[in-house]
Amino acid sequence: MDANQLLKENYARRLEPLRTCHDQELAVSLARDAGELLVELRQHAAVDRLSRASLKAMGDAASQAFLDAALKRERPDDAVLSEEAADNPARLLADRVWIIDPLDGTREFSEGRPDWAVHVALWELGELAAGAVALPGIGCMIGDGRRQPRSRQSGDSLRIAVSRTRPPAFAEQMAFELGAELVPMGSAGYKTWAVTTGEVDAYVHTGGQYEWDSAAPVFAARRAGMQASRVDGSRLPYNQASPYLPDLLVCRPEVSAQLLRTIRHADGVNGATPKAHRTGA
């Protein structure tokens, strides 16, 4: 079995006609279906005893192929920016661009962990217009309007989600000043989900990301009533010539001022040097 075979077996039953649905409904549907495809792939991989490296590659390929085919069918006139495809500069002239990460958290996916995600977002005329994050490992989603965050209890210590493999020094400094707890997690989508549910109060990243890492999580978080910005409080621009974004802050609105105030007094808020992104002809 390979990614193409799995895709062919599941494509017909997954991709029902959706042209009449709204963009947000399409984002939710595609993220959910790609996630289900990845769950099946991981189940097959366990039976076939595939290596983690092979599972990573197959997961990226299968989800990318599914989403690419689906968007070409459902929104053939729109441009696409994906982590797993060559970047076409023509998107910079487009009014509508889908920004997708077919598998966010490939390491966690290959390790059998639940903290991985599928990101599907739409940028339109300068702003994010739709977005959904599927979390197939726990059977949840943000962006579908169904999940409501719990009420934060007054006096609770702040909990801040950070990368489980490379928590930034800035987050550690901020946590020290706030008396907060750092909570390591995989996947930007999963960490954003944790903010929307109240499991954590904020998600802070200063190690460098790309538009596909945050576009869907940011839209879904805002739809759930959360605040999202760069760590200095400035806006997050999308569909830029370089898709690199140095940092990200997603948080519950009631703690936003406190977090931004602490960040303003901290030193060394710098993004990581971006890796080269593949560009098409």
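Preceding block: the structure.
Residues numbered from 1 in each chain as written. Predicted model: local features only at pLDDT ≥ 70, side-chain atom pairs only at ≥ 80, totals over all residues. Heavy atoms only, no water.

A. Up close: the overall build of the protein chain. When helices and strands are tallied, the protein chain shows eight helices and twelve strands. Split into buried and exposed, the 281 residues of the protein chain put 54% on the buried side. When contacts within the protein chain are restricted to residue pairs at least 6 apart in sequence, those whose partners lie at least 24 apart make up 69%. As displayed, the protein chain has an accessible area near 12,500 Å², and 47% of this comes from carbon and sulfur atoms. (Helix = DSSP H or I, 4+ residues; strand = E, 2+ residues; numbered from the N terminus. Buried < 20%, exposed > 50% of the residue type's maximum accessible area, 1.4 Å probe, protein only. Contact = heavy atoms within 4.5 Å. Areas by Shrake-Rupley, 256 points an atom, 1.4 Å probe, with all protein chains shown as cover.)

B. Examining the packing of helix α6 (residues 188-197) against helix α7 (residues 211-223) more closely. In the contact formed by α6 and α7, the axes pass within 9 Å of each other and the chain directions differ by 15°. Comparing the axis directions of α6 and α7 gives the class roughly parallel. Judged by the sense of rotation from one axis to the other, the crossing of α6 with α7 is right-handed. Of α7, the residues touching α6 (which contributes Ala188, Gly189, Thr192 and Thr196) are Asp213, Pro217 and Ala221. Of the residues contributing to the contact of α6 with α7, the split by class is three nonpolar, three polar and one charged. (Axes fitted to C-alpha atoms, helices over the stretch in contact; angles between N-to-C directions. Parallel < 35°, antiparallel > 145°, perpendicular 65-115°, else oblique. Left-handed = near helix turned anticlockwise from the far one by under 90°. Nonpolar A, V, L, I, M, F, W, Y, C, P; charged D, E, K, R; others polar.)

C. Geometry of the nonpolar core. Formed by 39 residues in total, the largest nonpolar core has its most connected members in Ile99 and Tyr238. The element contributing the most residues to this core is α7, with seven residues. Among all residues touching Ile99, those that are not within four sequence positions of it are Leu81, His119, Val120, Ala121, Trp123, Glu211, Trp212, Ala215, Tyr238 and Asn239. Among the nonpolar cores identified, the runner-up in size contains 29 residues, and Leu30, Ala34, Phe66 and Leu67 belong to it. (Core = buried A, V, L, I, M, F, W, Y, C linked by side-chain atoms within 4.5 Å.)

D. Spatial organisation of the side chain of Ser229. Mapped onto the elements, Ser229 comes out in strand β10 (residues 227-229). For Ser229, the residues in contact, after removing those within four places along its chain, are Ser234, Leu236, Leu248 and Leu249.

E. Expanded view of α7. The first and last C-alpha atoms of α7 sit 18 Å apart over 13 residues, in line with the 18 Å expected at 1.5 Å per residue. Across the 13 residues of α7, eleven count as buried, placing the element largely inside the fold. Within the sequence span of α7, burial applies to Glu211, Trp212, Asp213, Ser214, Ala215, Ala216, Pro217, Val218, Phe219, Ala220 and Ala221. At the exit of α7 stands Gly225, carrying a positive phi of roughly 95°. (Expected span 1.5 Å × (residues − 1).)

F. Local environment of the sheet that holds strand β8 (residues 202-205). Strand order across the open sheet formed by five strands is β7-β6-β8-β12-β10, with mixed pairing between neighbours. The open sheet has two free edges, formed respectively by β7 (181-185) and β10, since each of these has just one partner strand. Averaged over neighbouring strand pairs, the angle between their axes works out to 20° when direction is ignored. Pairing of strand β6 (residues 159-163) with β8, which is carried by two bridges, proceeds in the parallel orientation. Within the sheet, the bridge partner assigned to Ala161 lies in β8 and is Tyr203. (Pairing = 2+ DSSP bridges.)

G. Molecular detail of helix α3 (residues 52-74). Over its 23 residues, α3 extends 33 Å from the first C-alpha to the last, a length consistent with the 33 Å expected when each residue adds 1.5 Å. Within the span of α3, buried status applies to Leu55, Met58, Gly59, Asp60, Ala62, Ser63, Gln64, Phe66, Leu67, Ala70, Leu71 and Glu74.

H. Geometry of the packing of aromatic side chains. On inspection of all chains with the given rule, the structure shows four aromatic pairs. Between Tyr190 and Trp193 the ring centres are 5.3 Å apart and the planes differ by 50°, which places this aromatic pair in the tilted class. Separated by three residues within a single helix, Tyr190 and Trp193 lie in helix α6, roughly one turn from each other. Note on Tyr190: relative accessible area 11%, which makes it buried. A ring pair is formed by Tyr210 and Tyr244, whose centres lie 5.6 Å apart and whose planes are at 70°; its orientation type is edge-to-face. (Phe/Tyr/Trp six-rings, centres within 6.5 Å; stacked < 30°, edge-to-face > 60°.)

I. Summary view of the environment of Leu103. Among the secondary structure elements, Leu103 is positioned in strand β2 (residues 96-104). Linking Leu103 and His119, residues 16 residues apart in sequence, is a C-alpha distance of 7.4 Å. Sequence-distant contacts of Leu103, defined by excluding residues within four places in its chain, comprise Leu38, Gly59, Asp60, Phe109, Trp116 and Ala117.

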